[in-house]
Amino acid sequence: MSTKKVATKPVTKTAPKGGATGTAKKTAVTKGGTAAAAKPAAAPAKPKPEALPEVEIGLKELMSVLGDTQGKIKESGRWPLVIDENGRVAVFLHHRDCNTLNALDQLEMAPEMIRKALLGAIRYGKPMVINLVENGDINIVKDRFDDIMPDLFNLVLTKKILQDDLYMKLTRPNDDADFKNVFGVQQGFIFMFITTNPTPTDDTKSNVIVFRIV
């Protein structure tokens, strides 16, 4: 006796709720088999300091800048850049008790020369002067300072070098006895730039307070 084959309906898959098509989305994984983490958002850039208004002075008023008698340097939180197109400031300071270095002279820009000039100015309370000559960019001496100690140029510009006796890290075992023990920043110390360039760079102006000889 023959039996009839019963036709069966093909089974159809029902898509899950939510509109999925049945194909799973792939998740990015790393070689180790873990899901790749999203990159954190970049930190916002710090705003650059703005240039301060220039201060016009006569040559005879330069001594008031060195002594900061009007408190403009202290108030600004920056060191001064004196612009004198005629070069009289360099001559004036040559006859004063200052530690002056020529930024364009390789010998004077040797790290050891800079180190001793800066330490001596702090220890004995005198101006430390960087003569940029006709250059208007203070950053031409940055690498020379940083060769002495990492980030030294920035530490000097921001005056952080004077905090917590940080300047003592500039001392060396073979220095004179005056530098062996911790000493304070002596009154009269000031760090400054001079130039004959009438138009210093924008970056320079945003890191100093400018005094222009008129």
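Residues numbered from 1 in each chain as written. Predicted model: local features only at pLDDT ≥ 70, side-chain atom pairs only at ≥ 80, totals over all residues. Heavy atoms only, no water.

Caption draft 1: Structural context of the overall build of the protein chain. Along its length, the protein chain carries seven helices and six strands. What you see in the protein chain, going N to C, is helices and strands ordered as β-α-α-β-α-β-α-β-α-α-β-α-β. Buried positions account for 36% of the 214 residues belonging to the protein chain. In the protein chain, the share of contacts with a sequence separation of at least 24, taken over all contacts with a separation of at least 6, comes to 75%. As presented, the protein chain carries roughly 14300 Å² of accessible surface, and 53% of it is formed by carbon and sulfur atoms. (Helix = DSSP H or I, 4+ residues; strand = E, 2+ residues; numbered from the N terminus. Buried < 20%, exposed > 50% of the residue type's maximum accessible area, 1.4 Å probe, protein only. Contact = heavy atoms within 4.5 Å. Areas by Shrake-Rupley, 256 points an atom, 1.4 Å probe, with all protein chains shown as cover.)

Caption draft 2: Structural detail: helix 4 (residues 111-124). In this model, helix 4 (14 residues) spans 20 Å end to end at C-alpha, consistent with the 20 Å of a helix rising 1.5 Å per residue. What helix 4 keeps buried is the set Ile114, Arg115, Ala117, Leu118, Leu119, Gly120, Ala121 and Ile122. Downstream of helix 4 by a residue or two, Gly125 has a phi angle that is positive, lying close to 65 degrees. (Expected span 1.5 Å × (residues − 1).)

Caption draft 3: Structural view of the pattern of salt bridges. Enumeration according to the criterion identifies seven salt bridges in this entry. The partner of Asp202 in a salt bridge is Lys205, with the nearest N and O atoms 3.8 Å apart. With a gap of three residues between them, Asp202 and Lys205 both fall in helix 7 (residues 202-205), about one helical turn apart. We classify Lys205 as partly exposed; its relative accessible area is 26%. Connected via shared salt-bridge partners are Glu112, Arg115 and Asp175. (Salt bridge = Lys/Arg side-chain N within 4 Å of Asp/Glu carboxyl O.)

Caption draft 4: Examining the packing of aromatic side chains more closely. Scanning the model with the defined rule gives nine aromatic pairs in all. Residues Tyr167 and Phe183 carry aromatic rings whose centres are separated by 5.4 Å and whose planes lie at 35 degrees to one another, so their mutual orientation is tilted. In this pair, Tyr167 is assigned in the loop between helix 6 (152-157) and strand 5 (190-195) and Phe183 in the loop between helix 6 and strand 5, connecting sequence segments 16 residues apart. Phe183 shares its class with Tyr167; the two are buried. Through a chain of ring-to-ring contacts, the aromatic side chains of Trp79, Phe145, Phe153, Phe189, Phe191 and Phe193 assemble into a single cluster. (Phe/Tyr/Trp six-rings, centres within 6.5 Å; stacked < 30°, edge-to-face > 60°.)

Caption draft 5: Here's a closer look at the sheet that holds strand 5. What the six strands build is an open sheet, ordered 1-6-2-5-4-3; its pairing is parallel. Every other strand in the sheet has two partners, leaving strand 1 (55-57) and strand 3 (99-102) as the edge strands with one partner each. Taking the axes of each pair of neighbouring strands and ignoring which way they run, one obtains an average angle of 25 degrees across the sheet. Pairing geometry for strand 3 and strand 4 (residues 127-131), over four bridges, is parallel. Residue pairing across strands places Leu101 opposite Ile130, the latter belonging to strand 4. (Pairing = 2+ DSSP bridges. Axes fitted to C-alpha atoms, helices over the stretch in contact; angles between N-to-C directions.)

Caption draft 6: Quick look at the pairing of strand 4. Counting buried residues in strand 4 gives five out of five residues, a clear majority hidden from the surface. A two-sided burial pattern is seen for strand 4, the buried positions comprising Pro127, Val129 and Asn131 on one face and Met128 and Ile130 on the other. Note on the crossover from strand 3 through helix 4 to strand 4: the handedness is right-handed. By the bridge criterion, five bridges tie strand 4 to strand 5 in an arrangement that is parallel. (Right-handed = clockwise from strand over helix to strand, strands pointing away.)

Caption draft 7: Representation of the nonpolar core. With 55 residues, the main nonpolar core has Leu93, Met128, Ile130, Phe145, Phe191 and Phe193 as its most contacted residues. When residues in this core are grouped by element, the largest group, six residues, is from helix 4. If sequence neighbours within four positions are ignored, Met128 has contacts with Asn99, Leu101, Ile114, Ala117, Leu118, Ala121, Phe145, Phe189, Ile190, Phe191 and Met192. (Core = buried A, V, L, I, M, F, W, Y, C linked by side-chain atoms within 4.5 Å.)

Caption draft 8: The arrangement of the side chain of Arg212 in detail. Its place among the elements puts Arg212 in strand 6 (residues 208-213). Judged by relative accessible area, which is 16%, Arg212 ranks as buried. A distance of 2.7 Å separates the side chain of Arg212 from the side chain of Glu54, its partner in a polar contact. The contacts of Arg212, once residues within four sequence positions are left out, are Glu54, Val55, Glu56, Ile57, Ile83, Glu85 and Pro198. (Polar contact = N/O pair within 3.5 Å; in protein donor to acceptor, adjacent residues only side chain to side chain.)

Caption draft 9: Spotlight on the confidence of the model for the protein chain. Looking at the protein chain, the pLDDT average stands at 85 and 78% of residues meet or exceed 70. Long-range and interchain partners of residues 1-28, a stretch whose pLDDT sits below 50, account for four contacts in this model, where long-range means more than four residues apart. (pLDDT = per-residue confidence, 0-100.)

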